[in-house]
Amino acid sequence: MTNYDTTDAIVVKGLSKSFDKIVALQNAGTVIQKGSIFGLIGSNGAGKSTFTKLLIRELLPSEGNILVNGKSINRLKQRQIPHYRRNIGFIFQNYRLLADRTAFENIAFSIEVLGAHKREVERKVNYALHMVGLEDRKNHFPDELSGGEQQRVAIARAIVNNPQIIIADEPTGNLDPETAKGIMDILNDINIKGTTIVMATHDAGIVNRASHRVLELSNGELIRDEKQGGYRLGLV
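My aim in this report is to walk through the structure given alongside it, one point at a time. Predicted model, so just to flag it, every value in this text is computed and none were measured.

So, how was this worked out
- Residues numbered from 1 in each chain as written.
- Predicted model: local features only at pLDDT ≥ 70, side-chain atom pairs only at ≥ 80, totals over all residues.
- Heavy atoms only, no water.
- Core = buried A, V, L, I, M, F, W, Y, C linked by side-chain atoms within 4.5 Å.
- Buried < 20%, exposed > 50% of the residue type's maximum accessible area, 1.4 Å probe, protein only.
- Contact = heavy atoms within 4.5 Å.
- Axes fitted to C-alpha atoms, helices over the stretch in contact; angles between N-to-C directions.
- Helix = DSSP H or I, 4+ residues; strand = E, 2+ residues; numbered from the N terminus.
- Parallel < 35°, antiparallel > 145°, perpendicular 65-115°, else oblique.
- Left-handed = near helix turned anticlockwise from the far one by under 90°.
- Polar contact = N/O pair within 3.5 Å; in protein donor to acceptor, adjacent residues only side chain to side chain.
- Pairing = 2+ DSSP bridges.
- Right-handed = clockwise from strand over helix to strand, strands pointing away.
- Nonpolar A, V, L, I, M, F, W, Y, C, P; charged D, E, K, R; others polar.
- Salt bridge = Lys/Arg side-chain N within 4 Å of Asp/Glu carboxyl O.

Side note on the nonpolar core
Ranked by internal contacts, the top residues of the largest apolar core, which has 40 residues, are Ile 91, Val 125, Ile 155, Leu 187, Ile 190 and Met 199. Among residues more than four places away in sequence, those in contact with Ile 155 are Ile 91, Val 132, Ile 183, Ile 186, Leu 187 and Ile 190. Counting residues in hydrophobic clusters, the runner-up holds 30 residues, among them Phe 38, Leu 54, Ile 167 and Leu 217.

This is the structure in structure tokens:
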């Protein structure tokens, strides 16, 4: 196997994904360093969601390879996928909160399924709630929370297991500009603590301001891979 720099969190090589005759992603390649904020931009249908689903092994590529911390996730057996995802936090655009559970219970669920002790669950969930500023809303149900608060619960759920990488699919897509800025501030704070963040969004303004690296997709093809203001296509 090719050796990659230990500072690389994710290496993507020749990545393609097709659904029947529809090409969702074509020959994409890039390197995402540990501790960076990586922005993935493009319009609807550009291939962003396909890219993120491949990263969490919800999909398998038609061609190409993805290495996370030096290991190919293409080769994971089905029984290994849950363990892999414990080190990956995922933030969905539509939050995916359980309507019949409070904010605290929604966050706790992702730890409880791993068999954590009640005291550990309380400690981790309360810390995650503190990180997103929702300590006073932890006993509220999703329909009692604003859109921004629901997204913060989703972020807390993603970080509660202290993942090495967080993948966010349109984390500010349904929010007003002021609330979106607050969400980005939270993600920046999480990144400062060392977590790698991969953020897919159609909002080029947000991602260009916040990201260390920007990848742009159009019709499934990589058209921009930029770092510190320079274009660098075909990195890997």
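Remarks on the packing of helix H3 (residues 103-112) against helix H4 (residues 118-131)
At a minimum axis distance of 10 Å, the contact between H3 and H4 shows a crossing angle of 130°. Relative to H4, the element H3 is oriented oblique. The way H3 lies across H4 gives a crossing that is right-handed. Across from Phe 104, Ile 107, Ala 108, Ile 111 and Glu 112 in H3, the residues of H4 making contact are Val 121, Glu 122, Lys 124, Val 125, Asn 126 and Leu 129.

Remarks on the environment of Tyr 84
Among the secondary structure elements, Tyr 84 is positioned in helix H2 (residues 81-85). Given the relative accessible area of 11%, Tyr 84 is considered buried. Separated by 67 residues in the primary sequence, Tyr 84 and Gln 151 place their C-alpha atoms 24 Å from one another. Separated by 2.6 Å, the side chain of Tyr 84 and the backbone oxygen of Leu 55 make a polar contact.

Digging into the pairing of strand E8 (residues 196-201)
The buried fraction of E8 is high, at six of six residues. Pairing between strand E3 (residues 37-41) and E8: five bridges, direction parallel. Bridging across to E8, Leu 40 finds its partner in Ala 200. Judged from the five bridges that link them, strand E7 (residues 165-169) and E8 form a sheet pairing that is parallel. Residue pairing in the sheet places Ile 166 in a bridge with Ile 197 of E8. In terms of handedness, the path from E7 via helix H6 (residues 177-192) over to E8 forms a crossover that is right-handed.

As for the packing of H3 against helix H5 (residues 147-159)
Packing of H3 against H5 brings their axes to within 8 Å, and their N-to-C directions diverge by 25°. By the criterion of interaxial angle, the relationship of H3 to H5 is roughly parallel. Every pair of crossing elements has a handedness; the one defined by H3 and H5 is right-handed. Contact residues: Ala 103, Asn 106, Ile 107 and Ser 110 in H3; Val 153, Ala 156 and Arg 157 in H5. Of the residues assigned to the contact of H3 with H5, the class counts are four nonpolar, two polar and one charged.

Things to note about the pattern of salt bridges
Inspection of every chain in the model, using the stated rule, returns six salt bridges. In this structure, Glu 149 and Arg 137 form a salt bridge, with 3.3 Å as the shortest nitrogen-oxygen distance. Highlighted residues: Glu 149 in helix H5 and Arg 137 in the loop between H4 and H5, separated in sequence by twelve residues. Overall, the relative accessible area of 21% leaves Arg 137 in the partly exposed class. Here Glu 216 ties to Arg 224 by a salt bridge, and the two come within 3.1 Å at their closest N and O atoms.

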